[in-house]
Amino acid sequence: MSTNQPDTSHTRHYISTAKFDPHSAERLTAEQEKYFFASRRQLMWWKLKRHKLAVFSGAILLIMYASTLVSELISPYNLHTRHTEYIYAPPQQVHFFHDGTFVGPFVYGYDYQLNMENLKREYTENFQKVHPLRFFCSGDEYQFWGLFEADFHFFCPDENATFFVFGTDRLGRDVFSRIIYGARISLLIGLGGIIVSLFLGLLLGGLAGYYGGWIDSSVQRTIEIIRSFPELPLWMALSAILPVTWSPILVFFGITIILALLDWTGLARAVRSKLLALREEDYCTAAKLMGAKPGRIISRHLLPGFSSHIIASATLSIPGMILGETALSFLGLGLRPPITSWGVLLNEAQNINVVALYPWLILPVLPVIVIILAFNFFGDGLRDAADPYK
Amino acid sequence: MIPTLLAISFIIFVIIQLPPGDYLETHIAELESQGESVDPDKIKFLRQQYGLDQPFLVQYYHWATGFFVGDFGYSFEYDLPVREVMGDRIWLTIIVSMITIIFTWAIAFPIGIYSATHQYSWGDYGLTFLGFLGLAIPNFLLALVMLYFANVWFGTSIGGLMDSQYMDQPWSWGKFKSVLEHLWIPVVVIGTSGTAGMIRRLRANLLDELEKQYVLTGKAKGLAPSKLLMKYPLRMSLNFFIADIGSLLPSVISGAEITAIVLSLPTTGPMLLNALQSQDMYLAGTFLLFLAILTVVGMLISDLLLAWLDPRIRLYGEEVA
C-alpha cells in the first residue's frame, strides 16, 4: 500500500538470550543498597552514631547503670561502716611520689586533733605515714546481692589505714562509698518512675487517641489539671502524706509512684496526638476490617509506628524524676535512711555551715549533675535519630 | 478555667485530708507525751468548732466557699486565721516569680538568638552547655553555694529577703534597696533551671523560621542581615516567648519553693513545708491552692496576650473566609 511501510522482509524477530535485569539502568551500589534496605532500628543507630556527644553520654549512662550491679566491689567500704575516729575527715588526696621516689598510688595518714578554741576537728596529713593502696584486695565484708558473703574489693586502703577519697560525714562514714551505693537507689528511682509513667501515659493516651469522644475529653481535662499544678509543691504534699509508719522500702515505692503520677501527662499527650492521626490510616482500617480488637490494633499496629519517639521522650523525662527525688529527699520528705540515695546524702548538707566547714559533703551533687546532663544529651540525640525527616 | 480551679481545689482538699488523723490528734498525742492531760470535753468542743467531726464533703464545701469571702480557714499551729499567718507571703512569691521570669527572658533571648544564628559554632555549643549545666545543678544546692559566696565576697547577710532591721517595717527606700540586694540570689538560682529549656526552644523555633523561603527571598533581594532577622523571624519567635509562660511558670514556682526553703525567704516555701510536716491542713491547702491559681492565671494571661499579639489566633471560632 503505502511506501512508508518498513520493509520487514530483512529484519528478523530478535530475542536476546541474556537474562533481563530491570535495575540495569539504575543499579544501586552496595552502599546504597545497604542504606535503602536497612531496618528502622539500623537507620536510627547510624544516625545516633554520628551524634558524638549522645554516644558518649550513652556510654556514661551504661557505665553508671552497670556500676550499680557491682557497687559492693567498687566502693572501698560498706554503706554503713563507721569510723568513729574519723568524723568529718576531709578528702584524702592520692599521691604517687613520696620523697621524690615513685611508690604508686598512696595516701598519707591523718593526725587528728581537736581545736579546743572552736571545737573544730582538725586533720593534718602526716607525711611519715605512707599507706599505699591495695588493689583487688579483701576489705570490709558484705553480702553480695544479699546472696553470699564476700570481701573482695577493687581497691581498699592499707591495713590499719584509711582511704577517704571524698572525706567522711558526721558519723565517720566514707562519702565515696555512700555515693557509689546511692547510685543504686537514685538511678533505680528514675527507671521505676519512667516505667510507671510510661504505663500510665500509653494506657491513657492510647485510650484517648484511639477512642476519642468523651474518653478523650476527660483524659484531656485531667492532663490539663495536672499540668497546671506546680510540680514540686504537689510532690511535697503527696510525699508528706506517706505514713511515717511505712518501712523505708515502701516509702521508696511510694515516692516512685508519686514522681510518676505527675509525669505521665507529657507522654500521654504525645501518644494521643499521634494516635489521632494514625488511626485514620488505611492499614488501620484494614486491620479493623480483618477483625482485630482495639487492644491489638493499638499495641501491634499503631504504637510501633512511633515507639522510637516515645523512647526518646521517656529518656528526656527521667532526669526530671531523679532531680525530683533528690529535691524531696534533700527536704527530708523523700526517702529515709537506711535507704541511701544521692538526695539522702545531700540532706546532710542542708545548711550553710556545711558548705563553709565541710564542703566535701556536697560532693554527691556531682553524680547528679553528670547523670542529668548525660540523660539530656542522650535523649536529645535519640530524638534527632528517631526523626525520619532529618 | 473555673472548672479547672474547682477540680484543683478538690484534689488539694483530698490530698491534705488523706493522712490518717488530723491536727488535733497529733496535738493531743504531743500534749499527752509531755505528761499533760487533755480534757475530753475541750477536744470535743475544738473538734466541733473546726468542723472536724463533719463529713468530708461538708468540710470541703465550707473550705471552698470560704475562699470567696477571703476566709481560708484556721491555722492550728499558729492559732490564727490562715489569712493572717500568710501575710504578704503570697505577694512576695508572685514578685519573686515575676522577676525570675523577666530575668530568664533577658538571659535566654540574646543567647537563643545567638545560638540560632551561629548554629553549630563554638559559641553555640558553649552557651548551650552552660544552659544545660544550669538545668542539671539542683536548685537548692546552687542556692546554698551562692549564699555562701555572696556572704564571703559581698558580705550580704545570710538568707531572707531583706536585712533584719527592715523586717516588719513599713516600706522605705532603704528597705527597697535591701530587698534588691537580697533578691538577686534567688532570682539567679531559680532562673538557671528554666533558662536552658527556654534557650533550646527559642533556638529550635528560630531555626525553623530561618529555614523558611521568605528568609531566602529577603536574602536574595539584598536585605541587610540584621533587618532580615529582626523584621520577621524574630517577631515570630516573640509569640512563642509569650506562649512559653505556660510551661515556664510551673517550673519557676517549683524552683521558687525549694530555693525559698534553703534561703529561708519570707515567701510561701518554708511555711508550706512546715505546714505539710505538721499537718496544719488549712494552711498547707491554702498555699497549694494559691500556687495552683497563680499558675492557672499566669497561663490565662499568656493566652490572652498571645491572642492579642498574634492576629492568627482568634479567641472565638470565627469563620475564615
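Residues numbered from 1 in each chain as written. Chains lettered and ligands numbered in written order. Predicted model: local features only at pLDDT ≥ 70, side-chain atom pairs only at ≥ 80, totals over all residues. Heavy atoms only, no water.

Draft legend 1. Representation of the overall build of chain A within the structure. Secondary structure summary: chain A contains 15 helices and 5 strands in total. Taken over C-alpha atoms, the radius of gyration comes to 31 Å for chain A, far larger than the 21 Å a tight globule of 390 residues would show. Overall, chain A is about 130 × 60 × 40 Å in size when its C-alpha atoms are taken along their principal axes. Within chain A, buried positions represent 47% of all 390 residues. Within chain A, residue pairs in contact and separated by at least 24 positions form 67% of the contacts whose partners lie at least 6 positions apart. By element, 62% of the accessible surface of chain A is carried by carbon and sulfur atoms, the whole surface being about 21300 Å². For chain A, the separation between the mean place of its 32 positive charges and that of its 32 negative charges on side chains is 11 Å. (Helix = DSSP H or I, 4+ residues; strand = E, 2+ residues; numbered from the N terminus. Rg over C-alpha atoms; globule rule 2.2 N^0.38 Å. Buried < 20%, exposed > 50% of the residue type's maximum accessible area, 1.4 Å probe, protein only. Contact = heavy atoms within 4.5 Å. Areas by Shrake-Rupley, 256 points an atom, 1.4 Å probe, with all protein chains shown as cover. Lys, Arg positive; Asp, Glu negative; His and termini not counted. Charge placed at Lys NZ, Arg CZ, Asp CG, Glu CD.)

Draft legend 2. Quick look at helix α14 (residues 268–277) of chain B. Burial analysis of α14(B) places 7 of its 10 residues in the buried class, which makes it a mostly covered element. Every buried residue of α14(B) is listed here: T268(B), G269(B), M271(B), L272(B), L273(B), A275(B) and L276(B). In this structure, the buried side of α14(B) is in contact with α7 (231–240) and α12 (307–331) of chain A together with α5 (82–86), α6 (89–117), α13 (245–263) and α15 (281–309) of chain B. Looking one or two residues beyond α14(B), the residue adopting positive phi is Q279(B), at roughly 60 degrees.

Draft legend 3. Inspection of the state of the cysteines at higher detail. Residue and element names in this part refer to chain A. In the structure shown here, the tally under the stated rule is 1 disulfide over all chains. A sulfur-sulfur distance of 1.7 Å marks the disulfide that ties C137 to C156. Of this pair, C137 sits in strand β4 (residues 134–144) while C156 is found in strand β5 (residues 148–156), placing the two residues 19 residues apart along the sequence. Of the two residues, C137 and C156, both sit in the buried class. (Disulfide = S-S within 2.5 Å.)

Draft legend 4. Structural view of the sheet that holds strand β1 (residues 95–98) of chain A. Residues and elements named next belong to chain A. Overall, antiparallel pairing links the 3 strands, which are arranged β1-β2-β3 in an open sheet. Bordering the open sheet on either side are β1 and β3 (120–132), each of which pairs with just one other strand. Looking at each pair of strands side by side, their axes are set apart by 55 degrees on average, direction ignored. Taken together, the 10 bridges between strand β2 (residues 101–115) and β3 define a ladder with antiparallel strand orientation. Among the inter-strand pairings, V107 is bridged to a residue of β3, identified as H131. (Pairing = 2+ DSSP bridges. Axes fitted to C-alpha atoms, helices over the stretch in contact; angles between N-to-C directions.)

Draft legend 5. Structural context of the interface of chain B and chain A. At the interface, 40 residues of chain B touch 36 residues of chain A. Across the interface of chain B and chain A, roughly 3300 Å² is buried in total on both sides, 86% from carbon and sulfur atoms. Applying the counting rule to chain B against chain A returns 1 salt bridge. When the shortest N-O distance is used, the salt bridge between D380(A) and R200(B) registers 3.3 Å. If you look at where chain B meets chain A, you find 3 residue pairs in polar contact (both at pLDDT 80 or more). (Buried area = accessible area lost by both parts, 1.4 Å probe. Salt bridge = Lys/Arg side-chain N within 4 Å of Asp/Glu carboxyl O. Polar contact = N/O pair within 3.5 Å; in protein donor to acceptor, adjacent residues only side chain to side chain.)

Spatial relationships are all this shows, so hold off on functional conclusions.
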